Structure formats: C-alpha cells, structure tokens
Amino acid sequence: MKKPYSAACDNNRQPILEVIQALFADCKQILEIGSGTGQHAVYFAARLPHLVWHSSDLPEHHAGIKLWLAEANLPNTPPPLTLDVKQAHWPELQVDAVFCANTIHIAGWDAVQALFAGVGKLLPDNGLLVLYGPFNYNNAYTSESNARFDLWLKQRDPASGIRNFEDVDALATKASLHLQRDYAMPANNRLIYWVKQRHDPS
C-alpha cells in the first residue's frame with residue numbers, strides 16, 4: 001500500500017504549527033479527531049516532542065495513518081485510535097486538548113453535534129478544543145473560493161458543507177466550551193479554540 005497524501009496538509013501544517021505550539025506549550029496529551037492521512041500527526045509530533053499525539057479516525061483510514069507513523073518512527077505517536085464521534089463510548093484517554101482539522105465541513109451536522117458533545121465530556125477543566133478549517137459568519141461566505149468549495153462539498157454530499165461559526169459556537173457553549181480566540185489563517189481558513197470551563201468565567 002502506498003502512503004495516502006493530502007496536499008492541503010502540507011500547505012497548512014506550518015501556519016497551524018505557529019499557532020498551536022504556543023497553545024499546546026503546557027499540554028502533555030493531545031487527541032486528534034479525524035486524522036485522515038496521518039500527515040498532521042507526524043509533522044506536529046516531531047516538532048512538539050513534549051506531547052503525546054494520539055491520532056484517531058474511522059478504521060478504514062488506519063492503514064494509511066500507520067504507514068506515516070511507521071516511517072516517522074517517533075516515540076510520541078502511539079497507534080491510531082478507532083473513533084467515530086457518534087459512537088456511545090469514546091476511547092478512555094486523559095488528554096489536555098483536542099485538535100481537529102478540515103473535518104467538520106465534511107462530516108454531517110449530526111456528527112458535528114456529536115463531536116462537540118463528546119469533546120465536552122472528554123476534556124478536563126481548562127482543556128482546549130482547537131478547530132481548523134473554513135467557516136461562514138452570519139451565514140455568509142468569507143470568500144468566493146469558499147463559496148465554490150461549499151458548492152462542491154454539497155454536490156458530493158448534501159449533508160456536508162462549510163459550517164456557520166455561530167452555530168458551531170452554540171454547540172461549544174452547550175458543551176461548556178468557551179470561545180477564546182479566532183485566528184485568520186491562509187487560504188480563507190480559520191483556527192478557532194475554546195477552553196472547557198464548567199462555569200462561565202464572566
């Protein structure tokens with residue numbers, strides 16, 4: 001089997017790293033949801049050696065992820081975990097943060113809802129959720145390229161599509177995740193992170 005490859009991962013990995021290396025400075029264990037090819041896992045784990053980076057995805061993606069992990073041969077990348085966000089019981093992990101890139105616009109809305117509910121249960125107080133990808137604001141596209149991308153997504157799968165930030169943030173709030181910052185990223189993407197706090201600090 002040939003290693004799977006995503007050009008988008010290569011294009012966005014360094015800008016993402018420049019943000020998460022500060023966000024994850026005091027973290028020890030990270031769960032990545034929707035690891036896909038596994039490229040992000042090996043790139044970030046190699047450059048953030050203080051972390052244990054847990055990749056996860058549906059079983060059909062594990063063979064490709066394992067090829068990337070085996071080639072990198074890093075001490076801080078355990079084998080990928082099986083995780084369907086809609087499953088009743090998630091893997092039992094003690095993590096400080098959850099990272100998820102370019103996933104929620106591909107998944108159906110029921111899966112997005114399940115992701116936030118599951119992350120809200122998994123994270124300890126002060127744990128971080130970091131999402132990367134395109135977002136709409138007030139139901140409006142931020143660029144023509146995002147509008148075209150959204151059309152392509154919906155033609156491929158009507159349940160998918162670029163998510164509205166306000167809808168996503170409402171799911172976060174319901175899961176005791178409080179918005180901290182929304183970073184503008186290259187190619188009309190965003191990196192947004194929330195912190196788990198059972199009681200609103202305000």
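Residues numbered from 1 in each chain as written. Predicted model: local features only at pLDDT ≥ 70, side-chain atom pairs only at ≥ 80, totals over all residues. Heavy atoms only, no water.

Caption draft 1: Inspection of helix 5 (residues 144-156) at higher detail. Across its 13 residues, helix 5 extends 19 Å between first and last C-alpha, which sits within 8% of the 18 Å expected from 1.5 Å per residue. Buried within helix 5 we find Asn-146, Asp-150 and Leu-153. Looking down the long axis of helix 5, one finds its buried residues gathered within 60° of arc, a one-sided arrangement. Within helix 5, the exposed residues directed more than 90 degrees away from the buried face are Glu-144, Arg-148, Leu-151 and Gln-155. As for helix 5, its buried residues are in contact with strand 7 (135-136). (Helix = DSSP H or I, 4+ residues; strand = E, 2+ residues; numbered from the N terminus. Expected span 1.5 Å × (residues − 1). Buried < 20%, exposed > 50% of the residue type's maximum accessible area, 1.4 Å probe, protein only. Arc of directions from axis to C-beta. Contact = heavy atoms within 4.5 Å.)

Caption draft 2: Focus on the environment of Pro-79. Take Pro-79: it is sitting in the loop between helix 3 (62-72) and strand 4 (81-82). Overall, Pro-79 belongs to the exposed group, its relative accessible area being 60%. Taking the C-alpha atoms as reference points, Pro-79 and Leu-69, separated by 10 residues in sequence, lie 7.7 Å from one another. With residues near it in sequence (within four places) discarded, Pro-79 still touches Ser-55 and Leu-69.

Caption draft 3: Geometry of the pairing of strand 9 (residues 177-185). Here strand 9 pairs with strand 10 (residues 189-196) via 8 bridges, running antiparallel. By the bridge assignment, Leu-177 is partnered in strand 10 with Lys-196. Linkage of strand 9 to strand 10, two consecutive antiparallel strands, is achieved through a turn of 3 residues, within which Ala-187 is found at a positive phi near 60°. (Pairing = 2+ DSSP bridges.)

Caption draft 4: Looking closely at the packing of helix 1 (residues 7-23) against helix 2 (residues 39-47). Closest axis-to-axis distance for the helix 1/helix 2 pair is 10 Å, and the angle between their directions is 40°. Comparing the axis directions of helix 1 and helix 2 gives the class oblique. When the axes of helix 1 and helix 2 are compared, the crossing they make is right-handed. Contacts between helix 1 and helix 2 involve Cys-9, Asp-10, Asn-12, Arg-13, Gln-14, Ile-16, Leu-17 and Ile-20 from the former and Gln-39, His-40, Tyr-43, Phe-44 and Arg-47 from the latter. (Axes fitted to C-alpha atoms, helices over the stretch in contact; angles between N-to-C directions. Parallel < 35°, antiparallel > 145°, perpendicular 65-115°, else oblique. Left-handed = near helix turned anticlockwise from the far one by under 90°.)

Caption draft 5: Molecular detail of the side chain of Ser-35. In this structure, Ser-35 sits in the loop between strand 1 (29-32) and helix 2. Of the residues examined, Ser-35 reaches a relative accessible area of 5% and is grouped as buried. Sequence-distant contacts of Ser-35, defined by excluding residues within four places in its chain, comprise Ser-55, Ser-56, Asp-57 and Ile-65.

Caption draft 6: Molecular detail of helix 2. Of all the 9 residues making up helix 2, 7 are buried; the element is thus mostly covered by neighbouring parts of the structure. All of the buried residues in helix 2 are Gln-39, His-40, Ala-41, Val-42, Tyr-43, Phe-44 and Ala-45. Along its buried surface, helix 2 packs onto helix 1, strand 1, strand 2 (52-54), helix 3 and strand 5 (97-101).

Caption draft 7: Representation of the packing of aromatic side chains. Inspection of every chain in the model, using the stated rule, returns 9 aromatic pairs. The interplanar angle of 85° and the centroid separation of 5.6 Å between the aromatic rings of Phe-44 and Phe-99 together place this pair among those described as edge-to-face. Residue Phe-44 is located in helix 2, and its partner Phe-99 is located in strand 5; the two are separated by 55 residues in the primary sequence. Each member of the pair, Phe-44 as well as Phe-99, carries the same accessibility label: buried. Aromatic pair Phe-149 and Trp-152: ring centres 6.0 Å apart, planes at 15°, arrangement stacked. Of this pair, Phe-149 and Trp-152 both sit in helix 5, separated by 3 residues, roughly a single helical turn. Trp-152 gets classed as partly exposed once you look at its relative accessible area, which sits at 46%. (Phe/Tyr/Trp six-rings, centres within 6.5 Å; stacked < 30°, edge-to-face > 60°.)

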